[in-house]
Amino acid sequence: MATPQRTCVGCRGVDDRTALLRLVWDPDRGAVVLDPTATRPGRGVWVHDRESCVDTACRRRAIGRGLRRTDVDHEQIRRDPGFGFNNGAETR
Ligand SMILES: [Zn+2]
């Protein structure tokens, strides 16, 4: 069985879902949060665990668009250390 493929909202590249991070809207926090196990309900967007992809996605406001929300704070996403971008082991 093929590994499910997802599209990165940053570089628009298609990759195995295991290579991407899932981001979802958390109504309790009123913010976009990382969904490390990709099990949260609702709409999610996928992005590579790379600063360049996150930057691109934020500049294009692609995360809010992907989540169908107009109140996503993309600057907060770029700054939020809680996502751990660039902290994980990057597989090449
Ligand atoms: Zn990407």
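Residues numbered from 1 in each chain as written. Predicted model: local features only at pLDDT ≥ 70, side-chain atom pairs only at ≥ 80, totals over all residues.

Comments concerning the overall build of the protein chain
Counting its regular elements, the protein chain contains three helices and five strands. The secondary structure elements of the protein chain, listed N-terminal to C-terminal, are β-β-β-β-β-α-α-α. Going through the 92 residues of the protein chain one by one, you find that 27% of them count as buried. A sequence separation of at least 24 residues applies to 50% of the contacts in the protein chain between residues at least 6 apart. (Helix = DSSP H or I, 4+ residues; strand = E, 2+ residues; numbered from the N terminus. Buried ≥ 20, exposed ≤ 12 C-beta atoms within 10 Å, placed from the backbone. Contact = placed C-beta atoms within 7 Å.)

Concerning the pairing of strand 4 (residues 31–34)
Only one face of strand 4 is buried, namely the one carrying V32 and L34, since none of A31 and V33 on the opposite face is buried. Following strand 3 (residues 20–26), the chain reverses through four residues before pairing antiparallel with strand 4; G30 in that reversal takes a positive phi of roughly 65°. (Pairing = 2+ DSSP bridges.)

Describing the sheet that holds strand 4
The sheet built from three strands is open, its strands ordered 4-3-5 with antiparallel pairing. This sheet does not close on itself; its edge strands, each paired only once, are strand 4 and strand 5 (44–48). Adjacent strand axes in the sheet meet at a mean angle of 35°, parallel and antiparallel pairs treated alike. In the sheet, strand 3 pairs with strand 5 via five bridges, with the strands oriented antiparallel. In the sheet register, L21 faces strand 5, and the bridge partner there is V47. (Axes fitted to C-alpha atoms, helices over the stretch in contact; angles between N-to-C directions.)

Some remarks on the environment of R17
Along the chain, R17 turns up in the loop between strand 2 (14–16) and strand 3. Spatially, the C-alpha atom of R17 lies 5.4 Å from that of R6, the residues being 11 residues apart in sequence.

Considerations on the confidence of the model for the protein chain
Per-residue confidence for the protein chain gives a mean pLDDT of 87, with 87% of residues at or over 70. Confidence over residues 86–92 falls short of pLDDT 50; this stretch has three contacts with residues more than four positions distant or in other chains. (pLDDT = per-residue confidence, 0-100.)

Concerning the nonpolar core
Of all hydrophobic cores here, the largest spans 19 residues; its most connected members are V9, L23, W46, V47, A57 and I63. Among residues more than four places away in sequence, those in contact with V9 are V45, W46, V47, A57, A62, I63 and G66. (Core = buried A, V, L, I, M, F, W, Y, C linked by C-beta atoms within 7 Å.)

A word on unusual backbone geometry
One non-glycine residue, R61, lies in the positive phi region at around 55°. Accessibility expressed as a C-beta count within 10 Å gives 13 for R61, which makes it partly exposed. Phi is positive for R68, which is not a glycine, with a value near 60°. Locating R68 in the fold gives a position in the loop between helix 2 (62–67) and helix 3 (74–79).

So, the pairing of strand 3
Across four bridges, strand 3 lies against strand 4 in antiparallel orientation. Residue pairing for strand 4: W25 is matched across the bridge by V32.

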